[in-house]
Amino acid sequence: MIDLSEALTILATSPVAKDREAISRLEKVAEEDIKTIVQRLANQSLLVESVQFDSIEQNRKLVRGLIVATGLMCGGFSCLITIWFKPSVAIAVAPIGFITGAAAQSIALANEARKSNKIE
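Thresholds applied
- Residues numbered from 1 in each chain as written.
- Predicted model: local features only at pLDDT ≥ 70, side-chain atom pairs only at ≥ 80, totals over all residues.
- Heavy atoms only, no water.
- Helix = DSSP H or I, 4+ residues; strand = E, 2+ residues; numbered from the N terminus.
- Contact = heavy atoms within 4.5 Å.
- Areas by Shrake-Rupley, 256 points an atom, 1.4 Å probe, with all protein chains shown as cover.
- Polar contact = N/O pair within 3.5 Å; in protein donor to acceptor, adjacent residues only side chain to side chain.
- Core = buried A, V, L, I, M, F, W, Y, C linked by side-chain atoms within 4.5 Å.
- Buried < 20%, exposed > 50% of the residue type's maximum accessible area, 1.4 Å probe, protein only.
- Patch = residues over 30% accessible without salt bridge, like charges linked within 9 Å, V, L, I, M, F, W, Y side chains within 5 Å.
- Salt bridge = Lys/Arg side-chain N within 4 Å of Asp/Glu carboxyl O.
- Expected span 1.5 Å × (residues − 1).

## A look at the overall build of the chain
For step 1, the next point in the chain: Looking only at helices and strands, the chain features 4 helices and 0 strands.
For step 2, the next point in the chain: Nonlocal contacts in the chain, meaning residues at least 24 apart in sequence, comprise 46% of its contacts between residues at least 6 apart.
For step 3, the next point in the chain: Here the chain displays about 9,500 Å² of accessible surface, and carbon together with sulfur accounts for 66% of that area.

This is the structure in structure tokens:
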């Protein structure tokens, strides 16, 4: 799929009279020449990409923190329950609880993402 700035450049250099008329109407409405319009579109595209990249990175950090927090909570809870019933293996159970909690949260987040992508 061709992007808008490339399409405008193609129309601006087209030998077809209707294409040149369309570009001249666009320049008249925007009160700028086609090169300025294409440059502005490129700048806006870069800005949108940078904002999307930042939000993706922030989302990844939040998801990673949620997974770790859930793992720590499950590890601590498993350790407390194990201390109640069999204190000698409590230290060995904590990592298993952490891994189980982190895996469960990862699966829950993946299912939620899958559902939201199907709706859109």
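## Focus: the side chain of Gln-105
For step 1, the next point in the chain: Tracing the backbone shows Gln-105 in helix H4 (residues 90-119).
For step 2, the next point in the chain: A distance of 3.4 Å separates a polar atom in the side chain of Gln-105 from a polar atom in the side chain of Thr-70.

## Overview of the nonpolar core
For step 1, the next point in the chain: Leu-8, Ile-23, Ile-34, Ile-37 and Val-38 form the largest nonpolar core, which has 5 residues in total.
For step 2, the next point in the chain: The element contributing the most residues to this core is helix H3 (residues 34-85), with 3 residues.
For step 3, the next point in the chain: Leaving out residues up to four positions away in the same chain, Ile-37 has contacts with Leu-8, Leu-26, Glu-27, Ala-30 and Glu-32.

## A word on a nonpolar patch on the surface
For step 1, the next point in the chain: There is a patch of nonpolar side chains on the surface, built from Phe-77, Ile-81, Trp-84 and Phe-85 and spanning about 560 Å² of accessible area.
For step 2, the next point in the chain: If you trace the backbone, Ile-81 turns up in helix H3.
For step 3, the next point in the chain: Owing to a relative accessible area of 36%, Ile-81 belongs among the partly exposed residues under this scheme.

## Examining helix H2 (residues 17-30)
For step 1, the next point in the chain: An ideal rise of 1.5 Å per residue puts 20 Å on 14 residues; H2 measures up with 20 Å between its terminal C-alpha atoms.
For step 2, the next point in the chain: Glu-31 occupies a position one or two residues after H2 and carries a positive phi of about 55°.

## Some details on the side chain of Thr-70
For step 1, the next point in the chain: Tracing the backbone through its elements, the reader meets Thr-70 in helix H3.
For step 2, the next point in the chain: In this structure Thr-70 comes out as buried when scored by relative accessible area, which is 15%.
For step 3, the next point in the chain: Engagement of the side chain of Thr-70 in a polar contact is seen with the backbone oxygen of Leu-66, the distance being 2.8 Å.
For step 4, the next point in the chain: Excluding its chain neighbours within four sequence positions, the residues that come into contact with Thr-70 are Gly-101 and Gln-105.

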